[in-house]
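# Chains, contacts and geometry: an overview
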Amino acid sequence: MSAQPEPFGRLADGTPVHRWTLERGGTRVRVLTYGGIVQSVDVPDREGARTGVALGFADLAGYLERPGPYLGALVGRYANRIAGGVFTLDGQTYRLARNNPPNSLHGGDLGFDKRVWEAEPAGAYGVRLSRVSPDGEEGFPGRLPVTVTYSLDGNGALRIAYEATTDAPTVVNLTNHSYWNLAGADSGSAAGHELRISASRITPVDEHLIPTGELAPVEGTRFDFRAPRKAGPGYDHNYVLDGPDAAELYDPGSGRVLTVTTTEPGIQLYTGDHLDDGPFGAGDGIALETQHFPDAPNRPDFPSAVLRPGGVYASETVYGFSVR
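Quick look at the structure, then. Per-chain numbering applies: the sequence of each chain, read as written, is numbered from 1 onward. For a predicted model such as this one, the threshold for reporting local features is a pLDDT of at least 70, and the threshold for listing and counting side-chain atom pairs is 80 or more; totals across whole chains, interfaces and linings nevertheless cover every residue. Excluded from the side-chain calculations are hydrogens and water; all other atoms, namely the structure's heavy atoms, are used.

Here the focus is the overall build of the protein. A run of DSSP states H or I qualifies as a helix once it reaches four residues; a run of E qualifies as a strand once it reaches two. Both are numbered from the N-terminal end. Counting its regular elements, the protein contains one helix and 28 strands. Throughout, radius of gyration means the C-alpha value; the globule benchmark is 2.2 Å times the number of residues raised to the power 0.38. Against the compact-globule benchmark of 20 Å for 324 residues, the protein has a radius of gyration of 19 Å, which places it among compact chains. Taking the principal axes of its C-alpha atoms as reference, the protein extends roughly 60 × 50 × 35 Å. The burial tally for the protein puts 54% of its 324 residues in the buried class. In what follows, residue pairs with any heavy atoms lying within 4.5 Å of each other are defined as contacts. Long-range contacts, defined as pairs at least 24 residues apart, comprise 63% of the intrachain contacts of the protein with a sequence gap of at least 6. Charge centroids of the protein, computed over 28 positive and 40 negative side chains, lie 2 Å from each other. Between buried and exposed lies partly exposed: a residue is buried under 20% and exposed over 50% of the maximum accessible area for its type, with that area taken using a 1.4 Å probe on protein chains only. The charged-residue count follows a simple rule in which Lys and Arg add positive charge and Asp and Glu add negative charge, with His and chain termini not counted at all. Charged groups are reduced to one reference atom each: NZ for lysine, CZ for arginine, CG for aspartic acid, CD for glutamic acid.

Now the structure itself:
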């Protein structure tokens, strides 16, 4: 049977929000039409006990009152930071909201995470969200029709597929901003998790978390996660992936394993150091945001985030779940 929606509250202007539940292969995922938010992901531990491993709020009010952490959100038009809230494309300069002073972050003041999306079933185990971002929304050029499909495969892996087109040159970088705690979303610190990231380089950043332009080797530094080890606090950095096998997160206590594979060139490791609002504290979740590089619109030597008329933005990330 196809996934079905249920009411999940209304915005102040009366716009209804729905929650879709997907279930397959031992995994249960709940997705909101508000912000394309992955509200919860429930998977079993090595004993077969299923619990939530993605941080989320119990009701719509939680997301409306505490948007800052972007819990589970669909982020766009441009995930991560754009320096100074400005970029130039084809000789024209575009100015964006500096909602993370002095930079633009995750699409601006009213990014994709704060929009209500249309939804329809996508096969028996998926939901497809769609909306049209109008020309000029949050300062970005071009009318941008976007679809994002969430689906579960037979092994219970969560697949998120993004697609967008445009009628004018623009920049696009979409991601999901879930925070993971494989011991349980309400279990406290995730510092005991073991993390592997298949990346031999990072993009170092300045004091405003903007890449310097260097691609620095991780070897011999605290950024080297090519072999699994505990992450600990102090990470909010983009890793230059060596291939599609992006990352693995493991909780020794529960035995749960999260694997991340992606078509994207980078992944942002954020250890949730500023999660200190509401029910979650600093370090209670680890975000692994697959993405193009931060500030790529201002860095022609980075993989291009430019989308032109006639082209298609297509990106896919798969979150697999297992135990050991």
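Back to the text.
With that settled, the discussion passes to the environment of Leu144. Inspection of the secondary structure assignment puts Leu144 in strand β13 (residues 144-152). In the structure, Leu144 is positioned 13 residues away from Arg131 in sequence and 8.4 Å away in space, judged by C-alpha atoms. Non-local contacts of Leu144, meaning those with residues more than four positions away in its chain, are made with Arg77, Phe112, Arg131, Val132, Ser133, Ala164, Thr165, Thr166, Thr170, Val172 and Leu307.

Whether two aromatic rings pair depends on their centres lying within 6.5 Å, for rings of Phe, Tyr and Trp, where Trp uses its six-membered ring; planes under 30 degrees apart make the pair stacked, over 60 edge-to-face, and the rest tilted. Per the counting criterion, the structure on display carries 12 aromatic pairs. Between Tyr179 and Tyr270, the aromatic rings sit 6.0 Å apart at their centres with planes inclined by 65°, giving edge-to-face as the arrangement. Residue Tyr179 is located in strand β17 (residues 179-180), and its partner Tyr270 is located in strand β25 (residues 266-270); the two are separated by 91 residues in the primary sequence. Here Tyr179 and Tyr270 have matching classes, each one buried. Where Phe293 meets Phe302, the ring centres are 5.2 Å apart and the plane angle is 80°; that geometry is what we call edge-to-face. Judged by its relative accessible area of 3%, Phe293 falls in the buried class. Owing to a relative accessible area of 5%, Phe302 belongs among the buried residues under this scheme. Put simply, the rings of Phe223, Phe225, Tyr235 and Tyr239 pair up and form one aromatic cluster. Only when the NZ atom of a Lys or the CZ atom of an Arg is both within 6 Å of the ring centre and within 35 degrees of the ring normal do we say a charge sits over the ring. Here the basic side chain of Arg229 rests over the ring of Phe225, its NZ or CZ set 3.9 Å away from the ring centre.

Another aspect to go through is the environment of Gly285. On the secondary structure map, Gly285 appears in the loop between β25 and β26 (286-291). Overall, Gly285 belongs to the buried group, its relative accessible area being 0%. When the C-alpha positions of Gly285 and Leu307 are compared, they lie 32 Å apart, and in sequence the two are 22 residues distant. The residues contacting Gly285, other than those within four sequence positions of it, are Leu55, Tyr179, Trp180, Ala190, Tyr270, Thr271, Gly272 and Leu275.

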